[in-house]
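Summary of the model geometry
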Amino acid sequence: MKCMTKAILPGSTIGIIGGGQLGRMMAIAAKTMGYKIAVLEPVNDGPCAKVADIEINAAYHDKEALKKLMELSDVVTYEFENIPGKIIEEICEYGYLPQGAMPLIISQDRALEKKTIQNCGLKTVPFKIINDLTDLKSGIKELGLPAVLKTCHGGYDGKGQIIITSDADIEKGLSLIETGTCVLEKYIDFICEISVIVAKSTIGEISVFPIAENIHQHNILHQTIVPARIDEKTKERAGKIGMELMNNLGFVGTLAIECFVLSDGDILINEIAPRPHNSGHYTIDACMTSQFEQHIRAICGLKLGSTTLLTSSVMVNILGQDMRKIPNLIHDKLFKQAKLHLYEKSIVKENRKMGHITFLGDDLAEIILSVNKYLNESR
């Protein structure tokens, strides 16, 4: 493996495992800085491939294809965590992947993820590991109802989980348990959910982006509000949690940490993602440096950029069913203070993330009014 502290300079090739919108935005940031992009993805001509220089079409467990990507690239990264960690561990010897496989291995297993966070001295949602119906009944007795049952592996945007509100719902959990080990989480009464996005470079520099407040609809991120509407002490504490977790785990690159803020100001970590995150999209237009550029700087061993917030913002996801709203938006006066990002996905599906809009301005309350006007007018 190449030296972990070697600077990968513009003109070099960055390999990205995964060809979705996160890879696309990474690639755009990297190409702006003068890098070339190679991408490996199963499907031809995906969002990242449309801006990449080299495209390799293969499954994420295809070791030979991954080796080819490593050999073509001066540095390699990944855009999402559902890539087999063990395979990444095996192919690291063929090139330079400074993040390594451990962030993937930890984030792919909810039980391991929570144990790892707790071992760092940080708080998670109270949970129990569930292997069978007996475990489930015992976990409910200990944690109480309502509770959330989640598969340990896979699942996103609400998939692979159910909320158990009464004993009558217990049988519904059997279908999840049959897929493998699950975790049962205590249902938390929180005042808001926040994201802490932190980046650490191969040379040890670390930075935290402004704390973001998240609003979900149907378990899918709907809006991200920045600055988060929490007090400054809580923001400061959240930033410290991000740096502490990143340093304790020894991760490199970008780490997104989703947390619950409780009424007493306490912060519980819900889950982590070792990559740029949907809730960090606001940084493209609202910060001095975007999360995507910061990720590129971090894995390439460059000086990290400033994370200063230039303007308040609200990011709104565009799902498949929202695409019909776009023609009206771009002719509306609201568009004067909005930035549109579409991912060039060839197939439009309900609840599929097709893009996002970021509304910007000096007054957060006014931005929220504009967002609500856009949402109400475009229904």
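The preceding data block contains the structure.
Below is a summary of the structure that appears in this document. (Residues numbered from 1 in each chain as written. Predicted model: local features only at pLDDT ≥ 70, side-chain atom pairs only at ≥ 80, totals over all residues. Heavy atoms only, no water.)

Regarding the overall build of the protein
Defined as follows: Segments assigned H or I by DSSP are reported as helices when at least four residues long, segments assigned E as strands when at least two residues long, and all are numbered from the N terminus. Remark: exposure states derive from per-residue accessible area (1.4 Å probe, protein chains only) relative to the maximum for the residue type, with buried under 20%, exposed over 50%, and partly exposed in between. Contact between two residues is taken to exist if any of their heavy atoms lie within 4.5 Å; hydrogens are not considered. Areas reported here follow the Shrake-Rupley algorithm with a probe of radius 1.4 Å; residue values treat only the protein chains shown as occluding. Charge convention: Lys and Arg are scored as positive, Asp and Glu as negative, and His as well as the terminal groups of each chain are ignored. Here the site of a charge means NZ on Lys, CZ on Arg, CG on Asp, or CD on Glu.
On a plain count of helices and strands, the protein comes out with twelve helices and 17 strands. Across the 379 residues of the protein, 57% fall into the buried class. Sequence-distant contacts in the protein: of pairs separated by 6 or more residues, those separated by 24 or more amount to 63%. Carbon and sulfur atoms provide 51% of the accessible area of the protein, an area that totals close to 16,200 Å². Within the protein, the 46 negative side-chain charges are centred at a point lying 2 Å from the centre of the 41 positive side-chain charges.

Details of the packing of helix α1 (residues 21–32) against helix α10 (residues 291–299)
Each pair of packed helices can be described by the angle between their axes along with the distance between the axes. Definition in use: Simply put, an axis is a line fit to the C-alpha atoms, just over the touching stretch for a helix, and the angle between two N-to-C directions goes from 0 to 180 degrees. The labels follow the angle: roughly parallel below 35 degrees, roughly antiparallel above 145, roughly perpendicular from 65 to 115, and oblique for the rest. The residue classification treats Ala, Val, Leu, Ile, Met, Phe, Trp, Tyr, Cys and Pro as nonpolar and Asp, Glu, Lys and Arg as charged. All others, Gly included, are polar.
The N-to-C vectors of α1 and α10 enclose an angle of 70°; their axes lie 8 Å apart at closest approach. Our classification of the angle between α1 and α10 gives roughly perpendicular. Contacts from L22, M25, M26, A29 and A30 in α1 reach F292, E293, H295 and I296 in α10. Considered class by class, the residues forming the contact of α1 with α10 number seven nonpolar, one polar and one charged.

Describing the environment of K36
The condition that has to hold: N or O atoms closer than or at 3.5 Å make up a polar contact, with two conditions inside protein: a donor-capable atom paired with an acceptor-capable one, and, for residues adjacent in sequence, both atoms drawn from side chains.
Looking at the element boundaries, K36 is found in strand β2 (residues 36–41). K36 sits 338 residues away from Y374 along the chain, and the two C-alpha atoms are 37 Å apart. If we ignore the near neighbours within four places in the chain, the residues touching K36 are G11, S12, T13, I14 and D53. A polar contact of 3.4 Å, which involves the side chain of K36, links it to the backbone oxygen of G11.

Description of the sheet that holds strand β3 (residues 54–57)
For the record, the criterion: Two strands pair if DSSP finds at least two bridges between them.
Read across the open sheet, the four strands follow the order β3-β2-β1-β4; overall the sheet is parallel. Edge positions in the sheet fall to β3 and β4 (75–78), since each has one partner strand and no second. Ignoring strand direction, the axes of neighbouring strands in this sheet form an average angle of 20°. Sheet topology note: the β2/β3 ladder contains four bridges and is parallel.

Regarding the pattern of salt bridges
Defined as follows: Any carboxyl oxygen of Asp or Glu within 4 Å of a side-chain nitrogen of Lys or Arg constitutes a salt bridge here.
On inspection of all chains with the given rule, the structure shows 18 salt bridges. K123 is the salt-bridge partner of D266, the closest N and O atoms lying 2.9 Å from each other. One end of the pair, D266, is in the loop between β13 (253–261) and β14 (267–273); the other, K123, is in the loop between α5 (110–119) and β5 (127–130), and 143 residues separate them in sequence. For D266, a relative accessible area of 22% corresponds to the partly exposed category. Judged by its relative accessible area of 47%, K123 falls in the partly exposed class.

Thoughts on the side chain of T151
Following the sequence through the fold, T151 ends up in strand β6 (residues 147–151). A polar atom in the side chain of T151 sits 3.2 Å from the backbone oxygen of H153. In this view, T151 contacts R110, G160, L176, T179, T181 and C182; residues no more than four positions away in its chain are not counted.

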